[in-house]
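# Summary of the model geometry
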Amino acid sequence: MIRVTIFNEFLHEKYDGEAKRLYPEGIHAHIQSFLKSEQDLTVYTVTLDDPECGLTEEVLENTDVLLWWGHMGHHLVPDEVVERVWRRVLDGMGFIPLHSGHHSKVFRRLMGTTCNLHWRENDRERIWTVSPGHPIAAGIPAYFELEHEEMYGEPFAIPEPDEVIFLGWFAGGEAFRAGVTFRRENGRIFYFQPGHEDYPSFHNDHVQRIIKNAIRWAYNPVRYRIPCPWAPSPEQGH
Ligand code: ZN
């Protein structure tokens, strides 16, 4: 079994009309609901309302892949929680920041850059599969469209990704690296751009399939922390 934890700040869906209508129980509960049918996944959800954002040592100890949705509450995630999650990713926990998770403290720390981009609400997006042989793209057509998404435009201030799996094109004219992978020590990271709170992207079959594929790709059963000890010369030791 792959143990998945979904962190969602859970703010917009409590107060905003459209977000509340699309995700009445919260984006975390909606993602959990479409992952339920997957026999190899167990899914747990946490929000900002939980002590320590629900991301205690014990929860992370029992998490193989962490999904992250945040936007207006990035600053409300305490630095010690960020440190803990960052450490676990390096040890081998998979990490999947969604949409505005590009500006989460954890993702920025893992990237070492601002992760800035430019944005505009309500555009039509065509998502191109540019690495069709990649496991995250399994079952995804050459392209698909989201009638309403938030435009995220290049330049996207991330380090050079290991792989670009999806490219987004927007009817307004912009392009964006919409699905990218990174490795940090033992941790596998997949950033995926669709998922604005006021649009039904998480109801889209292709988006759901990509998230399922990404969880399996990011899963690494090994946890290893590379230490930093003084060491004798192997040429002199017996
Ligand atoms: Zn957004």
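Read on for a plain summary of the structure. Source: prediction; values computed, not measured.

## Quick word on the coordination of the zinc ion
The zinc ion binds to the protein through H99 (NE2), E150 (OE) and H196 (ND1); the donor distances cover 2.0 to 2.1 Å. One chain supplies every donor to the zinc ion, and in sequence these donors are spaced H-x50-E-x45-H. Here E150, found in strand 6 (residues 143–153), pairs with H196, found in the loop between strand 9 (187–192) and helix 7 (205–218); they are 46 residues apart in sequence, far enough to count as distant. By relative accessible area, E150 is classed as buried at 6%.

## Overview of the nonpolar core
Counting 35 residues, the largest nonpolar core has L67, F166, F190, F202 and I215 as its most contacted members. Among the elements of the structure, strand 1 (2–8), helix 3 (27–35), strand 2 (41–47), strand 3 (65–69), strand 6, strand 7 (163–170), strand 9 and helix 7 are those that each provide at least two residues to this core. At seven residues, the largest contribution of residues to this core is made by helix 7. Of all hydrophobic cores here, the second largest spans 34 residues; its members include L55, W68, F95 and M111.

## Thoughts on the pattern of salt bridges
Counting across every chain of the model gives 20 salt bridges. As a salt-bridge pair, R177 and E154 come within 2.8 Å of each other at their nearest N and O atoms. With R177 in strand 8 (residues 175–184) and E154 in the loop between strand 6 and strand 7, this pair connects stretches of sequence that are 23 residues apart. Relative accessible area serves as the criterion here: at 18%, R177 is assigned to the buried category. E154 sits in the partly exposed class, given a relative accessible area of 27%.

## Side note on the pairing of strand 1
Burial within strand 1 is extensive, with six of its seven residues counted as buried. Bridge count for strand 1 against strand 2 is seven bridges, and the pairing is parallel. Note on strand 2: the bridge partner recorded for V4 is V43. In the sheet, strand 1 pairs with strand 3 via five bridges, with the strands oriented parallel. Residue pairing for strand 3: I6 is matched across the bridge by L67.

Here is what the cut-offs are and how they apply
- Residues numbered from 1 in each chain as written.
- Predicted model: local features only at pLDDT ≥ 70, side-chain atom pairs only at ≥ 80, totals over all residues.
- Heavy atoms only, no water.
- Donors = N, O, S within 2.8 Å, 3.2 Å for Na, K, Ca; no water.
- Helix = DSSP H or I, 4+ residues; strand = E, 2+ residues; numbered from the N terminus.
- Buried < 20%, exposed > 50% of the residue type's maximum accessible area, 1.4 Å probe, protein only.
- Core = buried A, V, L, I, M, F, W, Y, C linked by side-chain atoms within 4.5 Å.
- Salt bridge = Lys/Arg side-chain N within 4 Å of Asp/Glu carboxyl O.
- Pairing = 2+ DSSP bridges.

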